[in-house]
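# What the coordinates show
Okay, here's what each chain looks like letter by letter:
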Amino acid sequence: MNRTAAVIHYEKAVRAAVPGLTELHARVLRPGRRTDAGHPGTITRDSRRNEGIRMQQRLQADIDALVARLLRGQAADGSWRLGFIEQGTSLDAATVLQLQNAGIARPKLVKALAERMIAKQSDGGAWRVYPDEKTGNASATAECYYALQYAGISPDEPFMRKARKAFADIGGLGRIESLLTKFQLALIGRYPWPRWFPVPIGILLLPASSPLHFFQFSGYARVHMAPMLILADRKPVDKQPHIRPLTPDTRSDAELKRLQRGWHAHFGAAVRGLSEDRRKGPWSPAAKIRELATDRAERFILERIEADGTLYGYSSATLLMLHALRTLGYSTSHPVVEKAVRGLESLTAPDIASASRTSMQITTSAVWDTALISHALQDAGVPAGHPAVEKAGEYLLARQHVKLGDWKRGVKRPAAGGWGFSDVNAINPDMDDTTAALRAVRGLPGHRGRAAADRGLLWLLAMQNADGGWAAFERNVDHPLIRWVPLDGAEDAATDPSTPDLTGRTLEYLGRCAGLTTAHAYVRRGADWLYRRQEKDGSWYGRWGVCYIYGTWAALTGLTAVGEPNDHPRIRKAAEWLLGIQHADGGFGESCASDSARRYTPLTHGTLSQTAWALDALIAAHAKPNPAMERACDYLLRHLQAGSGPETEYPTGGGLPGCLYARYDSYSLVWPLLALAHYRDKYGGAPALE
């Protein structure tokens, strides 16, 4: 193929993949053609100019390839449905334990989940929560060891013997740190229930006027706590005699006391110090109160079941719900139970990083993925009138919430208008999905898109916290009394505070898409909140992504979008922090270990999503490109072609610090696409400045 034919072929390929893409992109980027004034068809002698043009050509070629790939992946209903895969195996194990222990026959699902658990075992015999976890994880190892036996695996298999040895080497039952794991093991008789639980079930009866009440816990915590409180109160045990334990069942008094202290590790010091007699009283309510509170917990659960039968759309909450309902006497043939099991089955997805073995997802991410991808396609040059964008818009418009949920409690004049994360979510909207959906639908033609955008914007503004920031799900659910509740880790799971990542993403939408600036008082308050939460090194912590790269990206893009100047000392410091952590190959990579350590912990390799976040943040903070940004672009362009490996497969989605991390299959596509498109649009063919 000669040069002229190659140029014609290139332009045809772009137009075929993206009908309606502007002529500018295809015309200006003909290989070897000058883009400034002068003689068309000649090649400039300025080597730096040539480098810029070559980079722009590479950028556009990969942008076109990503656009074409994403367009091919759209479902018939306009959505994109990619995996939201737990890196670990906690949900796989919990599902097997629930189904097998309850006698719910799903042999194919159990076998498939068991195969993934076996494949995820490390060479040393233990299981890990994230790939570079320094030692095996005791909680994950115990969950998988017992779940595999319930799935029919012999404890005499070589890999099961390795698991027992690895568990002992880690430190045994005393090293299990996850509260949910202790619940799972207590339910099957492999860990003793606590004599008392620090949050009494009677808390469900306290009115909203009480200094401390149930709705001061986060929405995520409430849907898990309600079934957990039933279980902690009833303490059911269904022990199967054929299951071989990890440790001997016969325990000395000293061992039992040590395991009770294992529960106490989750409880605050104030309650740990109480004598056994003092623990009675509020923690041992009268039988009638317990009965009334149990009824309230049951109603709370049943009223928050989504259309697919799951509790709030979460597999983890649904599994706890099934345990609690069984404890209350629900049979496996009860309609609520049967529908919940079908809902769980709908949450499975292939794990492409594990030979497409079946995994139990935390929830589905269809709304999130659809909003992100539609927005990215439009930023890449696909017009709002393109059929794929219009179909995605119809899908998203149909999933804008129209009824009030628990979030209404913190809002004076609540009006629905947000979006949730999953395909079936109709009662639990969140800030991140709402801003993502608003970015995707804002350019849709016609009245419906504008009306939906107006409702979404009003909902978003109404959800600003009193401190100026934005939280994940609800408003002002960060009561200081909750921090005194004797549950370890309450700040991570039991509260829903303002976070830098969500505040930054909200500001980015308000500035870039809604045209608002810090001249508006509520935007100014959001920006000031971000400055107050900046770390000493210039970074920000991100709660829902890994971790400091994610938070810093969200904060920088948000602050600059609402008009904060690039030469602001805080913005300069953040940009310098990012430049200081770049790998020699141009990439950026951060370990999940940052989350628990609460300090930046580098990976030995970069990841596509984190490199894209860092690059996008640097684009926002610099008027002109620099060599570090060019190296980041080069890293993305090189690794996008590979398509697999740790750069793509490492989990960069946050869940529960130290316990749960997720890989979004969309992230290695959508974030590079956005960053490369932003680089192209801001800098064109300009050479990087030394």
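Keep in mind that this is a model prediction, so the values were computed, not measured. (Residues numbered from 1 in each chain as written. Predicted model: local features only at pLDDT ≥ 70, side-chain atom pairs only at ≥ 80, totals over all residues. Heavy atoms only, no water.)

### Notes on the packing of aromatic side chains
Keep this limit in mind: Ring geometry is summarised as follows: Phe, Tyr and Trp rings, the Trp one being its six-membered ring, pair when their centres sit within 6.5 Å, and such pairs are stacked at plane angles under 30 degrees, edge-to-face over 60 and tilted between the two. Helix numbering and strand numbering both begin at the N terminus, where a helix is a DSSP run of H or I of at least 4 residues and a strand a DSSP run of E of at least 2. Buried residues are those whose accessible area, probed at 1.4 Å on protein chains only, stays under 20% of the maximum for their type, while exposed residues exceed 50% and partly exposed ones sit between those limits.
Evaluated as defined, the whole model comprises 26 aromatic pairs. On the numbers, 5.9 Å between centres and 20 degrees between planes, the contact of Trp553 with Trp613 is stacked. Note that Trp553 is positioned in helix α23 (residues 548-561) and Trp613 in helix α26 (residues 608-621), a separation of 60 residues in sequence. Neither residue differs from the other here; Trp553 and Trp613 are each classed as buried. Judged by centre distance (6.1 Å) and plane angle (80 degrees), the ring pair of Trp613 and Tyr667 falls under edge-to-face.

### As for the environment of Phe215
Applied cut-off: Contacts were defined at the residue level, with two residues in contact if any of their heavy atoms lie within 4.5 Å.
For Phe215, the location among the structural elements is in the loop between α8 (179-187) and α9 (219-234). Considering only alpha carbons, one finds Phe215 and Asp406, 191 residues apart in sequence, at a separation of 8.5 Å. Sequence-distant contacts of Phe215, that is, excluding residues within four places in its chain, are made with Arg222, Phe300, Arg304, Asp406, Arg409 and Val477.

### Things to note about the packing of helix α16 (residues 366-380) against helix α29 (residues 667-683)
The line we're drawing: Throughout, an axis means a line fitted to C-alpha atoms (over the contacting stretch in the case of helices), and angles, computed between N-to-C directions, take values from 0 to 180 degrees. Throughout this description, any angle smaller than 35 degrees is read as roughly parallel, any larger than 145 degrees as roughly antiparallel, any in the 65 to 115 degree range as roughly perpendicular, and the remainder as oblique. Each crossing gets its handedness from the near helix: less than a right angle anticlockwise from the far helix is left-handed, clockwise is right-handed. The classification used treats Ala, Val, Leu, Ile, Met, Phe, Trp, Tyr, Cys and Pro as nonpolar, Asp, Glu, Lys and Arg as charged, and all other residues, Gly among them, as polar.
Viewed as axis vectors pointing N to C, α16 and α29 meet at an angle of 25 degrees, and their least axial separation amounts to 9 Å. As the angle between them shows, α16 and α29 are arranged roughly parallel. The interaxial crossing formed by α16 with α29 has left-handed handedness. From α16, Trp368, Leu372, Ile373, His375, Ala376, Leu377, Asp379 and Ala380 reach across to α29, where they touch Tyr667, Val670, Trp671, Leu673, Leu674, Ala677, His678, Arg680 and Asp681. Per-class residue counts for the contact of α16 with α29 are twelve nonpolar, two polar and three charged.

### A word on the confidence of the model for the protein
The predicted structure's coordinates, where accompanied by low pLDDT, should not be read in detail. The following threshold applies: Known as pLDDT, the predictor's confidence for each residue is given on a scale from 0 to 100.
Mean pLDDT over the protein works out to 88, with 85% of the residues at or above the 70 mark. Low pLDDT, under 50, characterises residues 267-283; the predicted model gives this stretch 30 contacts beyond four residues in sequence or across chains.

### A short note on the environment of Asn425
Put simply, the rule reads: Between N or O atoms, a polar contact is any pair within 3.5 Å; within protein, one atom must be a potential hydrogen donor and the other a potential acceptor, and residues adjacent in sequence are included only when both atoms are from side chains.
By the secondary structure assignment, Asn425 is in the loop between α17 (387-397) and α18 (431-441). Classification of Asn425 by relative accessible area gives buried; the value is 8%. Sequence-wise, Asn425 and His401 are 24 residues apart; in three dimensions their C-alpha atoms are separated by 8.6 Å. When residues no more than four places from it in sequence are discounted, the contact partners of Asn425 are Glu306, His401 and Gly420. Among the polar contacts made by the side chain of Asn425, one reaches the main-chain amide nitrogen of Asn428 at a distance of 3.0 Å.

### Some details on the packing of helix α19 (residues 447-462) against helix α21 (residues 500-512)
Where α19 meets α21, the closest approach of the two axes is 12 Å, and the angle between their N-to-C directions is 135 degrees. In terms of their interaxial angle, α19 and α21 are classed as oblique. Helix-helix and strand crossings are classified by hand; for α19 and α21 the assignment is left-handed. Residues Leu457, Leu460 and Leu461 of α19 lie in contact with α21, whose contacting residues are Thr506, Tyr509 and Leu510. Split by residue class, the contact of α19 with α21 holds five nonpolar, one polar and no charged.

### Looking at helix α5 (residues 107-120)
This is how the line gets drawn: In a helix, the anticipated span is given by 1.5 Å times the number of residues less one.
Counted at 1.5 Å a residue, the expected span for α5 with its 14 residues is 20 Å, and the 20 Å between its end C-alpha atoms agrees. Listing the buried residues of α5 in full gives Leu109, Val110, Ala112, Leu113, Ala114, Arg116 and Met117. Where the residues of α5 are buried, they touch β1 (84-86), α4 (90-102), α6 (138-150), α15 (335-346), β2 (348-351) and β3 (357-360).

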